[in-house]
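Coordinate analysis (summary)
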Amino acid sequence: NCLTKDMNSKNDFYRANAIRVLSRILDPSMASQLDRYLKTAVVDKSPFVASSALICGMQLMVNAPEVAKRWVNEVTESVSSKHNMVQFHALALLYELKRTDRLALHKVVMNLTKSFMKSTMAECLLIRISARVLKSERGEAVMEKRLMDYLDGCLRHKSEMVMFEAAKAMCELAAVDEAGSGGTTVFGYDMIPAITVHQIFLNSPTPVIRFASIRQLNKLAQQRAHLVARCNADMEPLLADQNRSIATLALTTLLKTGHESSVDRLVKQITSFMTEISDTFKIEVVRAVKQLALTYPNKHKVLMSFLSSNLREEGSAEFKQDIVEALILLVREIPQAKETGLLHLCEFIEDCEYPALCTMILSFLGEHAPATSSPAKFVRFIYNRLILENALVRAAGVDALAKIAFKCPALKRDILVLLESCTTDNDDEVRDRTNVYVEMLERSLEEEGAGAADQQDQLLAGSLDFSVDGLCEILQAHMKANKDAPFDPSVVPSEEAWEAQRLASVSAAAASTKEEGGAAKAAAGPASAGPAASRPSAAVEIVSKVEPLVAAAGISSLGALQHTSRPQQLTESEAEYTVQATKHMFESCIVVDFQITNTLNDQLLENVEVRLGSVDASTWEVVGCVPAESLPFDKPGSAYMLLKKLSDTSGVGAVQGTFSCSLAYTIKEAGDDLGYPDEYPVENLTLTTGDYVSARGLRPGDFKTQWDALGTQGVETAGNFSLSGMKTLEQAVKGLTTKLAMAPCEDSAKVEAGASRHTLLLSGTFAGGVQVLARCVVGMHPQHGCLLKLAVRSRNDQICAVIVGAVE
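What comes next is a walk through the structure.

Looking at the pattern of salt bridges
- Counting across every chain of the model gives 26 salt bridges.
- Across the salt bridge formed by Asp12 and Arg15, the nearest N and O atoms sit 3.2 Å from each other. Of this pair, Asp12 and Arg15 both sit in helix α2 (residues 12-25), separated by 3 residues, roughly a single helical turn.
- Residue classification places Arg15 among the buried positions, given a relative accessible area of 16%.
- A salt bridge links Asp322 to Arg287; its shortest N-O distance comes to 3.0 Å. You can see Asp322 sitting in helix α21 (residues 317-333) and its partner Arg287 sitting in helix α19 (residues 279-295), a full 35 residues away along the chain.
- Look at Arg287 and you get partly exposed, because its relative accessible area is 33%.
- Linked by salt bridges that have partners in common, Asp12, Arg15 and Asp44 make up one network.

Structure below.
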């Protein structure tokens, strides 16, 4: 009541402050009661009262939007106010009111951009709104021309703030305009005037203006370095700027746009003030240096020396990790930088206080040191870690020495002597690893045959052909059943098949728990006490569901479960009946588990079966369907479809197909005992190459080892492709990962900002437990768009061909 009284006061200060307080405490019901007062205040002659009412409207858009939406006419009138602050707040509220109505927003923006506004702050806000509209709505030529003309005109505004906002908008639009990425235009308009504005601001006596301009150019340099290079002469004096933030941004921008001849001079200037800036800016400098080294490989020595010198300086763990990762990347990408980079890393681990970084570097040394001209000089650095470091680092050092010994026969005896000193280590992990490697080295020195080489490769690959969890649990079951009988290792499934059984059992347990309702707690107890016991029964359960169909079709046996695909959603989550399909792969057949949920509480579905259409009779035979007997409200059930493969052109069972799909059932509504038959169409069921592959992640550093192992023991298939639908590297990486259904390794799913080329490393397991690795090099070409160079390695050449063929 007190605030309401103040709202009707003759004192403008009381009225304005009362409205400001009410905006924070109003609920929807109270806002409706005060709607008339607030609407009148929006067009009040006092700018303080009008602005307060407009700010109240913005707050009401969060709490009670239906009230604020009634003020459209008054807000539109306030946009033309003669008071700067009222105009700014009115435009901000008008945008909030119109932002969900695309056509209305376009109309407002088109009208307001016909002339400049009185308020410079409102003008800046209008520029930002125009840029958002241009980013979200591409292809409307009339609107695009009007807004770009408006932005171009703002570059010549009398206010520096408006000029900067327009130039900033042009730079941001350049980042999304892929058509002009190689030139000097954005949406067909010349960008040179925007760059000229930034050049003028770089010479401003005001530090904040210089900072804002160099910060924007730094961002633009990631996409259009050739444009920013026009400002190099204006940026170089900023290297001596008293504000170190400005100097650092100028330096990192010059590193992105500089020429090869200026690298030495820039590095000298970096070194002079690296100790004076924060770790956040240091990390930016490191990333810029890394990109510069990849651009100019001939300058790798100077740039790697700079990175190495910073490793010896004080800094956070994140800063040191960025430098180490940069050195590792340069060693991988620049062949002539290998020995120099490895020596820099060796010097760092001599006095490294971060065990995680030591472990990473030791693993990298074990992989790459054998390929250098003199691997022996790296052994001393690694052996020192076995004496001076903790157990985690010692274990990594043992692994690194063993890898060098296996790959360098001339060093085997010397490294064997070094490892024997660790056989009595006080840490179990270090001692066990050492004993295994010592035994393998002794055996290889005695045999020196193909068998010993195969064992070494398998040991270094770090992967096993069977599931360790499966081995443990099957061994436990064997010991309980008949421990005197010999154990048959052939019954142990692969990691991928074991995981498929686990997922199937978890899905079955979840459905069972939901059906039991009140018995959920009792069901959870045994499941948590012994989840392993239910995993091996998953495949048996699937087979038992379709056993009548198998017998009727005359199929002797489905065999072992090879793979279970990711679920495919066949309906929207808001549909009347939700359906998802999970495909269980066997050698000659596929069992499709359609998990169906009835979301209508007044209906009961009975005898729910799935019907497939558009079946290629030369490739597939639909053996039959096991229907779900009853589907009450919100209780999922499964219908099983058995498909038999008739022909296999791939040679590995990766038969593909697309089928039209619908549900057929008897529907019973409340009070209806008889019901009536009905059908419900759903989306097509598809079988793609990705359905036969499961993602399998690798530990950091393992990809190269396993890639090299498959290079000697397996086969490789490669191909070059044009990815016409991909507009950016990020889209290409995401699309390839999804299409091939494989797991990214070595953090390769993340694309460096501004990069024109990226390498994606993928790992997976094909149906049947066969390991597959893929190396995808994607790049953007000005004329040909997104290009892909794909290499796939596996122990089966037909699987490689299937994976490569999936991209075509």
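That was the structure; now back to the text.
Focus: helix α36 (residues 729-740)
- With 12 residues, α36 extends 16 Å from end C-alpha to end C-alpha; this agrees with the ideal 16 Å at 1.5 Å per step.
- Burial in α36 covers these residues: Leu729, Ala732, Val733, Leu736, Thr737 and Leu740. All buried residues of α36 fall inside an arc of 125 degrees around its axis, so they share one side.
- Ala741, located one to two residues past α36, shows a positive phi value of around 55 degrees.

Here we look at the sheet that holds strand β11 (residues 657-669)
- Here we have 4 strands laid out as an open sheet, ordered β9-β7-β11-β12, and antiparallel in their pairing. Both outer strands of the open sheet, β9 (628-631) and β12 (676-687), are each paired with one neighbouring strand and no more. Across the sheet, the mean angle separating the axes of adjacent strands is 30 degrees when strand polarity is ignored.
- Both strand β7 (residues 603-613) and β9 contribute to a ladder of 3 bridges, which runs antiparallel. Bridge assignment links Glu606 to a residue of β9, and that residue is Ser630.

Definitions and cut-offs
Residues numbered from 1 in each chain as written. Predicted model: local features only at pLDDT ≥ 70, side-chain atom pairs only at ≥ 80, totals over all residues. Heavy atoms only, no water. Salt bridge = Lys/Arg side-chain N within 4 Å of Asp/Glu carboxyl O. Helix = DSSP H or I, 4+ residues; strand = E, 2+ residues; numbered from the N terminus. Buried < 20%, exposed > 50% of the residue type's maximum accessible area, 1.4 Å probe, protein only. Expected span 1.5 Å × (residues − 1). Arc of directions from axis to C-beta. Pairing = 2+ DSSP bridges. Axes fitted to C-alpha atoms, helices over the stretch in contact; angles between N-to-C directions.

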